[in-house]
Amino acid sequence: MANIKSAKKRILVNKTKADRNKAIKSGVKTSIKKVYTAIEAGDKAAAQAALLAATSTIDKAATKGVYHKNTASRKVSRLSKAVNQMA
């Protein structure tokens, strides 16, 4: 355990940021899962609606610095491709 005051604060701040990042990443994963669930069900309208919501969630995560912008772009691209390939 840290003895210096600034080191103790660092531990607290890092924990807070890690929890925040974990919550945001969890939300992104959930929104991605909803898109793939709609694709597997064959519901194109629901898949497009879920894609719109997932894109927004992913972009917000990238803006907050949880994901790198290229990672966010790759995730959105793969989701879009999957929705567009539906019959």
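In what follows, the accompanying structure is described. (Residues numbered from 1 in each chain as written. Predicted model: local features only at pLDDT ≥ 70, side-chain atom pairs only at ≥ 80, totals over all residues. Heavy atoms only, no water.)

**Description of the packing of helix α1 (residues 5-41) against helix α2 (residues 44-63)**
Next up, step 1: Two numbers describe how α1 lies on α2: the axes approach to 8 Å, and their chain directions differ by 160 degrees. Judged by the inter-axis angle, α1 sits roughly antiparallel to α2. Considering how the two elements wind past one another, α1 and α2 form a crossing that is left-handed. Across from Ile 24, Gly 27, Val 28, Ser 31, Ile 32, Lys 34, Val 35, Ala 38 and Ile 39 in α1, the residues of α2 making contact are Ala 46, Ala 47, Ala 50, Leu 51, Ala 54, Thr 57, Ile 58 and Ala 61.
Next up, step 2: By residue class, the composition of the contact of α1 with α2 is 13 nonpolar, 3 polar and 1 charged. (Axes fitted to C-alpha atoms, helices over the stretch in contact; angles between N-to-C directions. Helix = DSSP H or I, 4+ residues; strand = E, 2+ residues; numbered from the N terminus. Parallel < 35°, antiparallel > 145°, perpendicular 65-115°, else oblique. Left-handed = near helix turned anticlockwise from the far one by under 90°. Contact = heavy atoms within 4.5 Å. Nonpolar A, V, L, I, M, F, W, Y, C, P; charged D, E, K, R; others polar.)

**Examining α2**
Next up, step 1: In this model α2 runs 28 Å from its N-terminal to its C-terminal C-alpha over 20 residues, within 8% of the 28 Å that 1.5 Å per residue would give.
Next up, step 2: Next to the buried residues of α2 lie α1 and α3 (69-84).
Next up, step 3: Of the residues flanking the end of α2, it is Gly 65, one or two places downstream, whose phi is positive at about 85 degrees. (Expected span 1.5 Å × (residues − 1).)

**Section: the packing of α2 against α3**
Next up, step 1: Contact pair α2 / α3: the axes reach a minimum separation of 10 Å and the direction vectors enclose 175 degrees. In terms of their interaxial angle, α2 and α3 are classed as roughly antiparallel. Packed against α2, whose contacting residues are Lys 44, Ala 47, Gln 48, Leu 51, Ala 54, Thr 55, Ile 58, Asp 59 and Ala 62, the element α3 presents Ala 72, Lys 75, Val 76, Leu 79, Ser 80, Val 83 and Asn 84 at the interface.
Next up, step 2: Residues that form the contact of α2 with α3 fall into these classes: 9 nonpolar, 4 polar and 3 charged.

Honestly, that's just the spatial picture; any functional story needs more than this.
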